Amino acid sequence: MSNINGKVYAMNAITPMKPWKTVVLRGFFFLLWHVKPLQQDLINLSFIEFARWVVLPRRRFPFLGNGQVKEDIKYDYLLFFSNFNGTWNQYIDAFSAVLSKGLNLVWRWSEKFPGSVPVTPFKEYIARVQFDTDYYYTAYPQAAANDLKSAHIVQASLDSLCQRAQGCNPEQFADAYLRFVLEVQAHLGETGEAPIVF
Amino acid sequence: MSKLNETDIQGFVLRGYNLPVARYLFLHFEDAARARSLIGRLLPHVTTGQRWDGGKPQSTVNIAFTQKGLAAFELPDATLLSFPVEFQQGMKKRAGILNDTGLNSPERWDDLWREDRVHAWLGINAQSPAALDDRCAKMLELLQQTGGARVLASQDAAAVVIDGKPTTREHFGFTDGFGNPDYLGVDRSSQPGQGKLMPDGSWAPLATGELLLGYADEAGELPVAPVPHILANNGTFMVYRKLHQNLATFRAYLEGYSAHYGGGKEKLAAKFIGRWRDGTPVELSPDKPDSSIAQDPNRSTNITYGADPEGTRCPMGAHIRRVHPRDAFGFNGRLINRRRITRRGLPYGQFVAEGESASDAEERGVIFMALNASISRQFEFVQQQWIEYGNDAHLGNDKDILMGNHGGRGKFTVQGDTSAANPPFICSNLPNFVELRGGDYFFLPSITALGMLAMGLVDPR
Amino acid sequence: MPNKNGKVYGLTILSPIIDDEKATPSHDLQIRKYLATLPTGEESPFALAPGTHLARLVVMDDVIYVGMPACEEHLKSKYLVFESNCDGELDDYLSGLATSVPEHLDAIWSHCVGYPGAANRQAFVDYMKACQLETTFFFAAVNDKSVPETLRALQTQHAVANFIASHQGMEPARLQAEFTQFVADLKAAPVPRAGSMGQPRDIKTGGRNE
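Section: the overall build of chain C
Then, number 1: Counting its secondary structure elements, chain C contains 7 helices and 6 strands.
Then, number 2: For chain C, the sequential pattern of α-helices and β-strands runs β-β-α-α-β-β-α-α-α-β-β-α-α.
Then, number 3: Relative to the 2.2 N^0.38 estimate, which gives 17 Å for 210 residues, the radius of gyration of chain C is 22 Å and therefore markedly larger than a compact globule would have.
Then, number 4: Per-residue burial over chain C gives 42% buried out of 210 residues.
Then, number 5: Sequence-distant contacts, at least 24 apart, represent 76% of the contacts inside chain C between residues at least 6 apart.

Following this line, the structure appears as structure tokens:
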């Protein structure tokens, strides 16, 4: 069992919500989805590969009969699954430092959420509501989100250079090549192993 | 915030003394009672943060302890176990986290550091070698009279002297000594660029709790600290690393690669660090050094990278950009504020001018000391994530060219533009320019805490 | 449609695990045991079947009690969480799994209530959909590239960095010739295998105090 595979960490969290609060949360997510500028900070933090929230209403736990006992609970639950780069501490420090308002808007509806600032009680809460991953797979363990974005830029630039290079004489090619290098020069970081999580 | 009581804080924490010579004695305590008596006798000599209105003293004395050192005083277990995990483990056990592997691994350290015997660091700084020897002799006398500790080894360090005057140069020829952070309440001559960036572009001091225990930190809380509070308050943690510099390798590498670099040798060297050899920030003066900037405190550290996101002036992986990214990660620099460290330290070994021969085997380098309220959140983070790794700087696994543990692999990219003097350029097959020869994590207590240690008065609750 | 973001699909499956007191070890522990030894690199079922960027399997024992004044409550069943970030349409993805790695799917999901087996592809897809939760909000850093495109781009990035480093200052005619060869070699190179370069991890836990 490990929460980590290569450069990416799988965090799972489950928090209880009073059912009336779930409605408010859905409203916020609707807004976040459709008002793209609100997602800008999340994009700029650039260490999340994929993340999702799943609202699980108390009556919607999958029920398949066949002897299964139906669930009978009072709270709705908010499931959170994140695939992020870096250490657990680094991840939470960063969110607490720059995205505290957004975090609060998502989790204030969960019972006993202490707020995302200051960071120590916030980390204690996450540690309490986090549960561990049994099996974690990534198709590209050696690449962080930044590596992926850079790789796609390099691929696109190379494809473009190949096109331009058709029927160039050497001088024209050298010029196109220089422009290509300038396009990719900020995107050539090596990929490989991640530092030890601590 | 409450005013700092400078008489309770060791002077070494609050300001760099700018004294040209130093000797660090590494002590081992055999017996708790005699160790206490030693600290008691030492206490009146310890230099505090009190201002020197009568001019600098001839010499200063400061002291710090490893976890094993504190344990030698027979402090209660509850206190010892309340110290941060990384401090309890010591730097050697954290080697994996710090990437102190290969050439930097503990098996290759100096004898002093390979064995787990260092209990305390006694730092003596002085105006001259004579003053240094004099103060050391007095300290050794105290050690002998009390029988409180043995000296395991000592380390000398001194500012590089050029043309008869001490400078802030280090062995590779770069001017150092910029970049120590400003903290709220710490009285020192400050410059724009040393604190934290505010939304309006000005610089404000960092929260005191980023340096000193017992004060609010940048996260809006009191940092986690050992108990009892009175033992921890006004104290801080110190990281000590002896960094050997492979001067011959560095010079040969620079010579070799700059022959193919359109900007020339000095510019390539400047691109490695982010400052020209005289200290001019490359970001402010990308084409040549400019002493009017380097020597102007209003400009020499007043740098932001917002106008240079692609690194065409100051490369994205340049040393000073890596260790103090300022606004390079966006969010008005808010991701940086809890990752700052205060550096003290001096070069050691004989300085060899450019053009004269040097060998990697000669003992020379820099004694690196970092002061911070949390070793794991500040120093270890910068070392692991920003020096030995590059993801935050969008550089993947690329390491800091100057200090990275390269092992002959890896690369450094100089981002450029279309001009012939500033071309894009890649340096490959990086050797270890710097090698770690040892070190450890220390706790630098307040004057009050030293008194408690001396009197055996530490109670965890 | 929140389950999708660009070209990536956010699949969240919550499968109730069979609760049988007579099973020794219990079904959830059997799943855990199987997952503990399942390869996470190139030999992972998710590397062998197409379309998975990142996926996890988690045995969720219960909800978590956050402490008073919240009420303590418990689930009647344990659940197997399957969270996948994958390419393409849901039906194709699930069918792909059933075709490529049926023995792994059966080994894991046979411990879950109402699982029909992967042999009957349609029944398998219907079962998964019956256990599917709607993703409320799905974030993806890169949402428009498939797994093979991504693996190829990473290979290209590495090769390009090496090419640029080894061709500095080369005169144009030779540069052009070598570039042409480089591109041909790169095109001919096989796409790297998914899940590769994952080293077996030394599990290290950090102290939670910082």
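Comments concerning the overall build of chain A
Then, number 1: A count of helical and extended segments in chain A gives 7 helices and 6 strands.
Then, number 2: Across chain A, helices and strands are ordered from the amino to the carboxyl terminus as β-β-α-α-β-β-α-α-α-β-β-α-α.
Then, number 3: Relative to a compact globule of 198 residues, whose C-alpha radius of gyration would be 16 Å, chain A shows 22 Å and is clearly more extended.
Then, number 4: Taken along its principal axes, the extent of the C-alpha atoms in chain A is 75 × 45 × 35 Å.
Then, number 5: Looking at the 198 residues of chain A, the share that counts as buried comes to 52%.
Then, number 6: Within chain A, contacts between residues separated by at least 24 positions form 74% of all contacts whose residues are at least 6 apart in sequence.

Some details on helix 14 (residues 376–387) of chain B
Residues and elements named next belong to chain B.
Then, number 1: A rise of 1.5 Å per residue sets the reference length of helix 14, with its 12 residues, at 16 Å; its end C-alpha atoms lie only 14 Å apart and thus fall more than 12% short of the reference.
Then, number 2: Most of helix 14 sits out of view: 10 of its 12 residues are buried.
Then, number 3: Turning to helix 14, its buried residues are Ser376, Arg377, Gln378, Phe379, Glu380, Phe381, Val382, Gln383, Gln384 and Trp386.
Then, number 4: Residues of helix 14 that are buried in the fold lie against helix 5 (85–89), helix 6 (95–98), strand 9 (236–245), helix 13 (319–323) and strand 11 (364–372).

Brief notes about the interface of chain B and chain A
Then, number 1: Facing the 32 residues of chain B at the interface are 29 residues of chain A.
Then, number 2: Where the side of chain B that touches chain A is concerned, the elements lending two or more residues are helix 6 and helix 14 of chain B.
Then, number 3: Residue contributions to the side of chain B that touches chain A peak at 3 residues, all from helix 14 of chain B.
Then, number 4: Residue classes in the side of chain B that touches chain A are distributed as 9 nonpolar, 16 polar and 7 charged.

As for the domain arrangement of chain C
Then, number 1: Assigned domains of chain C: these are domain 1 (4–133) and domain 2 (147–188).
Then, number 2: Centre-to-centre separation of domain 1 of chain C and domain 2 of chain C, based on C-alpha positions: 41 Å.

Considering the domain arrangement of chain A
Then, number 1: Partitioning chain A into structural domains gives domain 1 (4–131) and domain 2 (145–184).
Then, number 2: For domain 1 of chain A and domain 2 of chain A, the distance between their C-alpha centroids amounts to 40 Å.

Some remarks on the nonpolar core
Then, number 1: Residues Tyr77, Leu78 and Leu79 of chain A together with Leu80 and Val81 of chain C are the most contacted members of the largest nonpolar core, which totals 124 residues.
Then, number 2: The next biggest cluster of nonpolar side chains, apart from the first, holds 109 residues, and it includes Ile63, Ala232, Ile273 and Met369 of chain B.

Some remarks on the interface of chain A and chain C
Then, number 1: Chain A puts 81 residues into the contact, and the matching count from chain C is 78 residues.
Then, number 2: Counting residues per element, the side of chain A that touches chain C draws most heavily on helix 6 (residues 145–165) of chain A, at 10 residues.
Then, number 3: Among the residues forming the side of chain A that touches chain C, the class breakdown is 51 nonpolar, 18 polar and 12 charged.
Then, number 4: Inspection of the sheet shows strand 3 (residues 48–56) of chain A paired to strand 6 (residues 137–140) of chain C by 4 bridges, in the antiparallel sense. In the strand pairing of strand 6 of chain C, Arg52 of chain A is matched with Phe138 of chain C.

Re the environment of Gly51 of chain C
Residues and elements named next belong to chain C.
Then, number 1: Mapped onto the elements, Gly51 comes out in the loop between helix 2 (45–48) and strand 3 (52–60).
Then, number 2: Sequence separation between Gly51 and Glu73 is 22 residues; the distance between their C-alpha atoms is 38 Å.
Then, number 3: In this view, Gly51 contacts Cys86, Asp87, Gly88, Tyr93, Gly96 and Val147; residues no more than four positions away in its chain are not counted.

Points about unusual backbone geometry
Then, number 1: Cis geometry is found at the peptide bond from Val227 of chain B to Pro228 of chain B, where omega equals 0°.
Then, number 2: Structurally, the position occupied by Pro228 of chain B is in the loop between strand 8 (203–204) and helix 9 (229–232).
Then, number 3: The omega torsion of the bond from Thr24 of chain C to Pro25 of chain C falls at -5°, within 30 degrees of zero and hence cis.
Then, number 4: Its location among the elements puts Pro25 of chain C in the loop between strand 2 (8–16) and helix 1 (27–37).
Then, number 5: A positive phi angle, near 50°, is found at Asn66 of chain A, a position not held by glycine.
Then, number 6: Along the chain, the position of Asn66 of chain A falls in the loop between strand 3 and strand 4 (76–85).

Notes on the pairing of strand 2 of chain C
Residue and element names in this part refer to chain C.
Then, number 1: The element strand 2 is extensively covered by neighbouring structure, given that 9 of its 9 residues are classed as buried.
Then, number 2: Of the two faces of strand 2, the one holding Val8, Gly10, Thr12, Leu14 and Pro16 and the one holding Tyr9, Leu11, Ile13 and Ser15 are both buried throughout.
Then, number 3: Sheet topology places strand 1 (residues 4–5) next to strand 2; 2 bridges connect them, and they run antiparallel. Its bridge partner lying in strand 2, Lys4 is registered against Tyr9.
Then, number 4: Here strand 2 pairs with strand 5 (residues 132–133) via 2 bridges, running antiparallel. Paired with Ile13 across the two strands is Gln132, which belongs to strand 5.

Focus: helix 11 (residues 265–273) of chain B
All names here are of chain B.
Then, number 1: Taken together, the buried positions of helix 11 are Lys267, Leu268, Ala270, Lys271, Phe272 and Ile273.
Then, number 2: Where helix 11 is buried, its residues contact helix 10 (247–258), helix 13 and strand 12 (411–414).
Then, number 3: Gly274 lies just past helix 11 and shows a positive phi near 100°.

Quick word on the environment of Ala107 of chain C
All names here are of chain C.
Then, number 1: Along the chain, the position of Ala107 falls in helix 4 (residues 102–109).
Then, number 2: Residue classification places Ala107 among the partly exposed positions, given that 16 C-beta atoms sit within 10 Å.
Then, number 3: Sequence separation between Ala107 and Ile31 is 76 residues, and the spatial gap between their C-alpha atoms is 8.0 Å.

Description of the packing of helix 7 (residues 170–184) of chain A against helix 7 (residues 172–188) of chain C
Angle between the axes and distance between the axes: these two values describe a pair of packed helices.
Then, number 1: Between helix 7 of chain A and helix 7 of chain C, whose axes approach to 8 Å, the crossing angle comes to 70°. With respect to helix 7 of chain C, the element helix 7 of chain A is oriented roughly perpendicular. As for how helix 7 of chain A packs across helix 7 of chain C, the hand of that crossing is left-handed. Contacts between helix 7 of chain A and helix 7 of chain C involve Pro170, Glu171, Phe173, Ala174 and Tyr177 of chain A on the former and, on the latter, Pro172, Ala173, Leu175, Gln176 and Phe179 of chain C.

A look at the environment of Phe12 of chain B
Then, number 1: Residue position: Phe12 of chain B is located in helix 1 (residues 11–14).
Then, number 2: Owing to 26 C-beta atoms within 10 Å, Phe12 of chain B belongs among the buried residues under this scheme.

Digging into the packing of helix 2 (residues 32–42) of chain B against helix 8 (residues 129–146) of chain B
All names here are of chain B.
Then, number 1: Where helix 2 contacts helix 8, the two axes come as close as 9 Å, and the packing angle between them is 145°. Two packed elements cross with a definite hand, and for helix 2 against helix 8 that hand is right-handed. For the pair helix 2 and helix 8, the contacting residues are Arg34, Ser37, Leu38, Arg41 and Leu42 in the first and Leu142, Leu143 and Thr146 in the second.

Quick word on the confidence of the model for chain C
Residues and elements named next belong to chain C.
Then, number 1: For chain C, the average pLDDT comes to 91, and 93% of its residues sit at 70 or higher.
Then, number 2: Scored below 50 in pLDDT, residues 198–210 makes 27 contacts in the model with residues more than four places away or belonging to other chains.
Then, number 3: Across the interface, the model reports ipTM at 0.94; the global pTM reads 0.95.

About the thresholds
- Residues numbered from 1 in each chain as written.
- Chains lettered and ligands numbered in written order.
- Predicted model: local features only at pLDDT ≥ 70, side-chain atom pairs only at ≥ 80, totals over all residues.
- Helix = DSSP H or I, 4+ residues; strand = E, 2+ residues; numbered from the N terminus.
- Rg over C-alpha atoms; globule rule 2.2 N^0.38 Å.
- Buried ≥ 20, exposed ≤ 12 C-beta atoms within 10 Å, placed from the backbone.
- Contact = placed C-beta atoms within 7 Å.
- Expected span 1.5 Å × (residues − 1).
- Nonpolar A, V, L, I, M, F, W, Y, C, P; charged D, E, K, R; others polar.
- Domains from an automatic or database assignment.
- Core = buried A, V, L, I, M, F, W, Y, C linked by C-beta atoms within 7 Å.
- Pairing = 2+ DSSP bridges.
- Axes fitted to C-alpha atoms, helices over the stretch in contact; angles between N-to-C directions.
- Parallel < 35°, antiparallel > 145°, perpendicular 65-115°, else oblique.
- Left-handed = near helix turned anticlockwise from the far one by under 90°.
- pLDDT = per-residue confidence, 0-100.

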